[in-house]
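Topology and contacts: notes
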Amino acid sequence: MERNESGIEVAVSTSAKRPFSLFYPPSSILNPQSSIWFPILRYSPWDAVLLTLALAHGALLLTYPVLPVIAVGLWWNSNTIAHNFIHWPFFRSGLLNRLFALYLSVLLAIPQSIWRAKHLAHHAGVASRFRISQQMIEECLLILGLWTLLSTTHLHFFLTVYLPAYAIGLALCFLHGYFEHVRGTISHYGAVYNFLFFNDGYHVEHHAHPGRHWTQLRQDVQAQAQESRWPAVLRWLECFSLDNLERWVLNSPCLQQFVLHRHEQAFRRLLPALPAGSRVAIVGGGLFPRTLIILQRLLPEAQFVAIDRSQRNLATAQSLIQGEVEWINESYDPVRRTGFTLVVIPLAYVGNRAMLYDHPPAPFVLIHDWLWRKRGTSKVVSLLLLKRLNLVRP
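The paragraphs below set out a description of the structure included in this document. No experiment lies behind these values; they were computed from the predicted model shown.

**What about the packing of aromatic side chains?**
A complete count under the given rule lists 19 aromatic pairs for this structure. With a centroid separation of 6.4 Å and 75 degrees between ring planes, the pair formed by Trp147 and Tyr162 is classed as edge-to-face. Placement of the pair is Trp147 in helix α6 (residues 134-153) and Tyr162 in helix α7 (residues 155-181), with a sequence separation of 15 residues. The exposure class assigned to Tyr162 is buried, which follows from its relative accessible area of 9%. Among the aromatic residues, those joined into a ring-pair cluster are Phe85, Phe90, Phe91, Phe100 and Tyr103. The aromatic ring of Tyr357 is capped on one face by Arg375, whose charged end is 4.4 Å from the ring centroid.

**Comments concerning the layout of surface pockets**
The volume enclosed by the second largest pocket comes to roughly 540 Å³. Considering the residues around the second largest pocket, the lining is formed by 17 residues, among which Trp115, Lys118, His119, Cys173 and Gly177 are closest to the centre. Counting only elements with at least two residues in the lining of the second largest pocket, the list comes to α2 (67-79), α5 (112-124) and α7. For the lining of the second largest pocket, the residue count by class is six nonpolar, eight polar and three charged.

**Here's the deal with the pairing of strand β9 (residues 387-392)**
When you tally the buried positions in β9, you get six out of six residues, the bulk of the element. Pairing between strand β7 (residues 364-370) and β9: six bridges, direction antiparallel. Looking across to β9, one finds that Asp369 is bridged to Arg388. Joining the antiparallel neighbours strand β8 (residues 377-382) and β9 is a turn of four residues, in which Leu386 adopts a positive phi near 55 degrees.

**Topic: the side chain of His203**
Turning to its location among the elements, His203 is positioned in helix α9 (residues 203-208). There is a polar contact of 2.9 Å between the side chain of His203 and the side chain of His181. Not counting residues within four places of it along the chain, the set of residues in contact with His203 comprises Glu180, His181, Thr185, Ile186 and Ser187.

**Quick look at a nonpolar patch on the surface**
Taken together, the side chains of Ile114, Phe130, Ile132, Ile137, Leu141 and Leu144 define a hydrophobic patch exposed on the protein surface, amounting to about 630 Å² of accessible area. Considering every element that reaches the nonpolar patch, the biggest residue donor is α6, with three residues. Relative to the helices and strands, Ile132 is located in the loop between α5 and α6.

**A short note on the nonpolar core**
Nonpolar side chains in soluble globular proteins generally cluster together in the buried interior. Residues Ile81, Phe90, Phe100 and Leu104 are the most contacted members of the largest nonpolar core, which totals 38 residues. Among the elements of the structure, α1 (47-63), α2, α3 (81-87), α4 (94-108), α6 and α7 are those that each provide at least two residues to this core. Here the element with the most residues in this core is α7; it accounts for seven residues. Non-local contacts of Leu104, meaning those with residues more than four positions away in its chain, are made with Asn77, Ile81, Ala82, Phe85, Ala109, Ile110 and Gln112. Among the nonpolar cores identified, the runner-up in size contains 29 residues, and Ala266, Val344, Leu366 and Leu389 belong to it.

**Some remarks on the packing of α1 against α2**
Packed helix pairs are characterised by how far apart their axes lie and by the angle those axes make with each other. One can describe the packing of α1 onto α2 by two numbers: an axis separation of 11 Å at closest approach and a directional angle of 165 degrees. On the basis of their axis angle, the class for α1 and α2 is roughly antiparallel. Taken as a pair, α1 and α2 cross one another with a handedness that is left-handed. For the pair α1 and α2, the contacting residues are Leu53, His57, Leu60 and Leu61 in the first and Val69, Ile70, Gly73, Leu74, Trp76 and Asn77 in the second.

**Topic: empty space enclosed by the protein**
Once rolled over the atoms, a probe with the size of a water molecule shows which space is left empty. For the structure on display, the rule yields two cavities of 30 Å³ or more. Of the pockets and cavities examined, the largest cavity occupies roughly 110 Å³. If you trace the largest cavity, you find 17 residues lining it, with His83, Asn84, His206, Trp214 and Leu217 closest to the centre. A per-element tally of the lining of the largest cavity places α3 first, with three residues. Here the residues of the lining of the largest cavity are counted per class, giving seven nonpolar, eight polar and two charged.

**Remarks on the sheet that holds β7**
What the seven strands build is an open sheet, ordered β5-β4-β3-β6-β7-β9-β8; its pairing is mixed. Strand pairing shows two members of the sheet lacking a second neighbour, β5 (325-329) and β8, which therefore form its edges. On average, each strand axis in the sheet is tilted by 20 degrees relative to the strand beside it, whichever way the strands run. The pairing of strand β6 (residues 342-345) with β7 spans four bridges and is parallel. Looking at the pairing, Leu342 lines up with Phe364 of β7. Taken strand by strand, helix α11 (residues 253-270) contacts β6, β7, β8 and β9, and its axis lies near 165 degrees from that of β8. With respect to the sheet, helix α13 (residues 311-318) is in contact with β4 (303-308) and β5, its orientation differing from that of β5 by roughly 165 degrees.

**Describing the side chain of His119**
Considering the arrangement of structural elements, one finds His119 in helix α5. For His119, a relative accessible area of 8% puts it in the buried group. At 3.1 Å, the side chain of His119 forms a polar contact with the side chain of His83. Dropping the residues within four chain positions of it, His119 is found in contact with His83, Ile86, His87 and His206.

What counts, and where the lines are drawn
- Residues numbered from 1 in each chain as written.
- Predicted model: local features only at pLDDT ≥ 70, side-chain atom pairs only at ≥ 80, totals over all residues.
- Heavy atoms only, no water.
- Phe/Tyr/Trp six-rings, centres within 6.5 Å; stacked < 30°, edge-to-face > 60°.
- Helix = DSSP H or I, 4+ residues; strand = E, 2+ residues; numbered from the N terminus.
- Buried < 20%, exposed > 50% of the residue type's maximum accessible area, 1.4 Å probe, protein only.
- Lys NZ or Arg CZ within 6 Å of the ring centre and 35° of its normal.
- 1 Å grid on protein atoms, 1.4 Å probe; cavity = no way out; pocket = protein on both sides within 12 Å on 5 of 7 lines; lining within 4 Å.
- Points joined across faces, edges and corners; volume = space filled by probe spheres on them.
- Nonpolar A, V, L, I, M, F, W, Y, C, P; charged D, E, K, R; others polar.
- Pairing = 2+ DSSP bridges.
- Polar contact = N/O pair within 3.5 Å; in protein donor to acceptor, adjacent residues only side chain to side chain.
- Contact = heavy atoms within 4.5 Å.
- Patch = residues over 30% accessible without salt bridge, like charges linked within 9 Å, V, L, I, M, F, W, Y side chains within 5 Å.
- Areas by Shrake-Rupley, 256 points an atom, 1.4 Å probe, with all protein chains shown as cover.
- Salt bridge = Lys/Arg side-chain N within 4 Å of Asp/Glu carboxyl O.
- Core = buried A, V, L, I, M, F, W, Y, C linked by side-chain atoms within 4.5 Å.
- Axes fitted to C-alpha atoms, helices over the stretch in contact; angles between N-to-C directions.
- Parallel < 35°, antiparallel > 145°, perpendicular 65-115°, else oblique.
- Left-handed = near helix turned anticlockwise from the far one by under 90°.

Geometric values such as these leave the question of function open.
And the structure:
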């Protein structure tokens with residue numbers, strides 16, 4: 001074990017060489033003694049990539065000092081280079097680490113000693129304590145000097161470009177940090193994002209092992225980790241997820257009447273004549289059970305089975321349904337769950353939708369889909385909802 005300059009004990013791996021991956025460098029590279037960077041870098045030659053990009057960021061700002069470059073650069077660098085430098089100061093030399101912290105401070109206009117103290121307190125779960133140090137004074141003076149230079153020599157640029165971009169960059173950083181922890185620590189496992197942000201998406205894993213180098217985080221994926229399909233800065237889009245839109249409908253009688261009317265029209269046009277006693281499976285039958293409400297009216301002699309992986313959603317639906325229904329709390333498996341005459345698939349279905357189209361799991365399958373995905377016999381549910389209903393048969 002070795003203690004890094006953040007005060008965290010870390011292990012430097014000397015394991016056998018692994019196959020190289022573009023998105024995940026092999027852990028064996030954490031032995032820097034095998035690298036030409038050994039005299040300079042303390043932990044990994046891959047940190048040279050971050051150093052190079054930090055210098056490139058500075059060159060880009062000097063070449064194209066425009067609002068998007070300043071704002072996005074501040075947000076990106078703070079959550080990649082600066083963040084990793086906090087946990088794993090790159091250099092063997094303490095002087096080089098101090099000089100690089102000064103460079104990042106003036107580049108981002110964020111004193112790195114303050115950012116470091118606040119971030120490490122966040123990992124420790126304690127309040128950050130403000131302590132004045134020589135390094136902090138030097139960083140603040142450098143930033144003050146930069147702002148004084150810009151305001152005296154390029155006042156219009158400073159007021160109309162730099163300061164607004166700086167504010168936007170800080171706002172992006174706030175969104176990033178907020179949505180990483182809004183419902184507890186959350187990870188995002190998208191390959192492209194984690195390539196561009198150096199495994200920043202492995203946030204649950206990072207909190208579980210804050211001393212683990214960024215190249216090794218993929219080794220520690222937590223089986224029960226909370227995850228999101230969206231990177232942290234875009235996670236506010238989850239407010240407009242299908243589940244949340246469904247909850248809006250659940251709380252609005254007017255919206256309920258609208259969706260019931262539009263869906264019933266589509267069902268009436270597509271629904272085949274089924275023999276009495278037919279078994280009908282409604283996948284995702286929880287929350288506002290519009291399909292079940294409609295089909296109980298249209299198929300009064302059918303036997304209904306509602307399948308939903310959310311027990312909470314099923315409980316909500318049960319409170320709105322009259323009549324006998326079999327409620328199954330599980331994810332729908334078309335191979336295991338058979339014997340239905342009709343299966344209805346929701347727009348929010350999690351699974352292989354293409355397989356359902358190519359190999360329908362019942363004599364009749366009604367699939368809710370987006371407006372632009374017409375398959376089989378199809379009827380538009382609503383242009384406003386961007387939704388249609390497709391009927392497919394084997």
